[in-house]
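Structural characterization, general
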Amino acid sequence: MKYTTKTGPLANIKTECLALPSSALGSLGKQLKINTYLGHVTRDFDNAPGRTLLISLPSTCPIKRLLVLGVGKESQLSDAQLQKVLNAMAAGFKKAGFTSATASLTLKCSKKTYAITRLALDAVSSTLYEFAAQKNSTSKSKSLSKLAIHTQARDRSMVLKAVREGNALDIGASLSRDLANCPPNICNPSYLARSARKFSTDKKTTVKILDERQITKLGMGAFMSVSAGSDQPGKFIIIEYRGGKAKEAPIVLVGKGITFDSGGISLKPGAAMDEMKFDMGGAAAVLGTTSSVIAAKLPINLVTLVAAAENMPSGKASRPGDVVKSLSGQTIEILNTDAEGRLVLCDALTYAERYKPKAVIDVATLTGACVMALGSHATGMFANHDQLAEQLDNAGNFIHDRVWRLPIWDDYQQQLNSNFADMANIGGREAGSITAACFLSRYAKKYHWAHLDIAGTAWLSGARKGSTGRPVPLLFQYLIDQC
Ligand code: BES
Ligand code: MN
Ligand code: ZN
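These numbers were taken from a predicted model, which means no experiment stands behind them.

1. Brief notes about the pairing of strand E17 (residues 449-453)
With five of five residues buried, E17 lies mostly within the body of the structure. Burial along E17 is two-sided: the residues Trp449, His451 and Asp453 and Ala450 and Leu452 are all buried. Inspection of the sheet shows strand E13 (residues 359-364) paired to E17 by five bridges, in the parallel sense. Looking at the pairing, Asp362 lines up with His451 of E17. Relative to E17, strand E14 (residues 379-383) is paired through four bridges, and the arrangement is antiparallel. Bridging across to E17, Gly380 finds its partner in Asp453.

Have a look at this one:
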């Protein structure tokens, strides 16, 4: 998707299709002298948020069609209703199948044009995304690839900023989706490493990949215990982007990159096991965010770490009862090999210490319990620092990729007690997402840290099965806000 801007009188815009709120019909009709016609063809239109109407304009008009957007009581439009309006617009574009279009989004509601534009572009990117790589279907239908945002001269600079960021976000969210949707026989740890390598074409970015020999030598015993059962070698991916001042402490993103989670010896049940190809959703999100940051040339220092491994059962796999030593020196009794995400992440979190980071955010499809708690609307957030939590909360609310904070009180820590090691890797039936976060917190004591459990938000099941690209919008917004 390519986003651009257009200025000048709306009636002079040449376009296949113009999307605009129903409230703007009157003034456009006047300018084009087609008010009677517009009144006639829109007389049955239900103006509720989420409703749209596609109409053809007389051939004398430079605008070929209008996509009319229902906006209800425009001045009282809630966030959820605005989201409906924008998703309906995107769905309207998708259904119509034009390759280019224009949108005029001056809504008389409390949100600023800048925010509305950002949300609109994200809705269009999400709705129009298609994963094409593996299907042989011949009828590849035409679809929108260029969208211009029409703006008044006074809003121009803000809309330009929104469009620039929207383009960068589209690149990152699409990459994130492509990686996550890619089948696990292709998207293995080496594939993630090759994808990451591509970032090194950017002058400010260096990429380092550690292989299993190096990972072992470093002392990442927890990471290696997960990778042990697979014939696919694990990789530890390190991307350093230097867009900020040389001395400025970086922000570190850490992604769980389990390219397939069978559960290992604690094998998962068969139903929907294919969805465990999405268990690298955290890695996909931090790699996608990194590409957005590079595309937008954000003036920050960013380090991206991906712990990439495949969790498989085999004669070499870890057993329940095994005790392993993490990079931090703390020992772990593996009571369930299906709680593997925290094992690869804890070593990555310890590795992050060497950067003396401003903040560390790890992103992981970590627990089924998080899906039970929050469903698919909010990402579970845990943090050892209130300001960091607040910044992420604000960023998520702004771009409609929301988080909900859960506690990591000491009271929960005892659930991880082990008779045979410093801690167990599971904490029993209760509060599964929290005990997973408590486990990670033991490796994140030396810096400000947040953990995002995206098990419920990273992908959709059912007929619309596929990656959502979340939480790239949230992470990219958080990083924009740091500039
Ligand atoms: N990748 C899964 C978490 C998951 C499950 C995400 C279902 C999305 C949907 C993770 O590695 C896992 O298996 N977690 C276990 C932890 C348990 C063994 C303590 C879980 O959630 O069941
Ligand atoms: Mn698992
Ligand atoms: Zn997993």
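Still to come is the rest of the account.
2. Digging into the sheet that holds strand E7 (residues 205-210)
Across the sheet, which stays open at both edges, the eight strands sit in the order E7-E8-E10-E9-E13-E17-E14-E15 with mixed pairing between neighbours. Strands with a single pairing partner mark the edges of an open sheet, and in this sheet they are E7 and strand E15 (403-405). Strand-to-strand twist across the sheet, computed as the mean angle between neighbouring axes with direction ignored, equals 20°.

3. Some details on the coordination of the zinc ion (ligand 3)
On the protein side, the zinc ion (ligand 3) has Lys256 (NZ), Asp261 (OD), Asp279 (OD) and Glu340 (OE) as donor atoms, found 2.0 to 2.4 Å from it. Coordination at the zinc ion (ligand 3) comes from six donor atoms whose angles at the metal span 79 to 176°, giving a geometry best classed as octahedral. Separation of the zinc ion (ligand 3) from the manganese ion (ligand 2) amounts to 3.1 Å, with Asp261 serving as a shared donor to the pair. Here the residue Asp261 occupies a position in strand E9 (residues 251-261), and Asp279 occupies one in the loop between E9 and helix H9 (281-296), the gap between them amounting to 18 residues.

4. Some points on the domain arrangement of the chain
The assigned domain composition of the chain is domain 1 (2-148) and domain 2 (174-482). Computed from C-alpha coordinates alone, the two centres of domain 1 and domain 2 are separated by 37 Å. Contacts between the two partners involve eleven residues from domain 1, matched on the other side by 14 residues from domain 2. Contact between domain 1 and domain 2 buries roughly 1,100 Å² in total, counting both sides, with carbon and sulfur atoms accounting for 61%. Looking only at domain 1, the three residues that lose the most surface to domain 2 are Arg118, Tyr129 and Phe131, adding up to 48% of its buried area. For the interface between domain 1 and domain 2, the tally reads zero salt bridges. Applying the counting criterion to the domain 1 and domain 2 interface returns four residue pairs in polar contact (both at pLDDT 80 or more). Considering every element that reaches the side of domain 1 that touches domain 2, the biggest residue donor is helix H4 (residues 113-128), with seven residues.

5. A look at the side chain of Thr290
Considering the arrangement of structural elements, one finds Thr290 in helix H9. Residue classification places Thr290 among the buried positions, given a relative accessible area of 1%.

6. Some points on empty space enclosed by the protein
Under the definition given, this model contains three cavities of 30 Å³ or more. Empty space within the largest cavity amounts to approximately 70 Å³. Around the largest cavity, the lining residues are Ser225, Val226, Gly229, Gly264, Ile265, Asn311, Met312, Ala317, Ser318, Ile334, Thr337 and Leu343. Here the lining of the largest cavity is built from residues that sort into six nonpolar, six polar and no charged. The computed volume of the second largest cavity comes to approximately 40 Å³.

7. Side note on the sheet that holds strand E11 (residues 323-325)
Sheet architecture is open: three strands sit in the order E11-E12-E16, paired in mixed fashion. Sheet topology places E11 and strand E16 (423-424) at the edges, where each strand pairs with a single neighbour. Both E11 and strand E12 (residues 331-333) contribute to a ladder of three bridges, which runs antiparallel. Considered in E12, the bridge of Lys325 is made with Thr331.

8. As for the coordination of the manganese ion (ligand 2)
Four donors placed tetrahedrally around a metal ideally meet at 109.5 degrees, and six donors placed octahedrally ideally meet at 90 or 180 degrees. With distances of 2.1 to 2.2 Å, the protein atoms coordinating the manganese ion (ligand 2) are Asp261 (OD), Asp338 (O), Asp338 (OD) and Glu340 (OE). For the manganese ion (ligand 2), the six donor atoms in the first shell make angles of 71 to 169° at the metal, a pattern classed as irregular. One chain supplies every donor to the manganese ion (ligand 2), and in sequence these donors are spaced D-x76-D-x1-E.

What counts and how
Residues numbered from 1 in each chain as written. Chains lettered and ligands numbered in written order. Predicted model: local features only at pLDDT ≥ 70, side-chain atom pairs only at ≥ 80, totals over all residues. Heavy atoms only, no water. Buried < 20%, exposed > 50% of the residue type's maximum accessible area, 1.4 Å probe, protein only. Helix = DSSP H or I, 4+ residues; strand = E, 2+ residues; numbered from the N terminus. Pairing = 2+ DSSP bridges. Axes fitted to C-alpha atoms, helices over the stretch in contact; angles between N-to-C directions. Donors = N, O, S within 2.8 Å, 3.2 Å for Na, K, Ca; no water. Tetrahedral: all angles 85-135°; square planar, octahedral: opposite > 155°, others 65-115°. Domains from an automatic or database assignment. Contact = heavy atoms within 4.5 Å. Buried area = accessible area lost by both parts, 1.4 Å probe. Salt bridge = Lys/Arg side-chain N within 4 Å of Asp/Glu carboxyl O. Polar contact = N/O pair within 3.5 Å; in protein donor to acceptor, adjacent residues only side chain to side chain. 1 Å grid on protein atoms, 1.4 Å probe; cavity = no way out; pocket = protein on both sides within 12 Å on 5 of 7 lines; lining within 4 Å. Points joined across faces, edges and corners; volume = space filled by probe spheres on them. Nonpolar A, V, L, I, M, F, W, Y, C, P; charged D, E, K, R; others polar.

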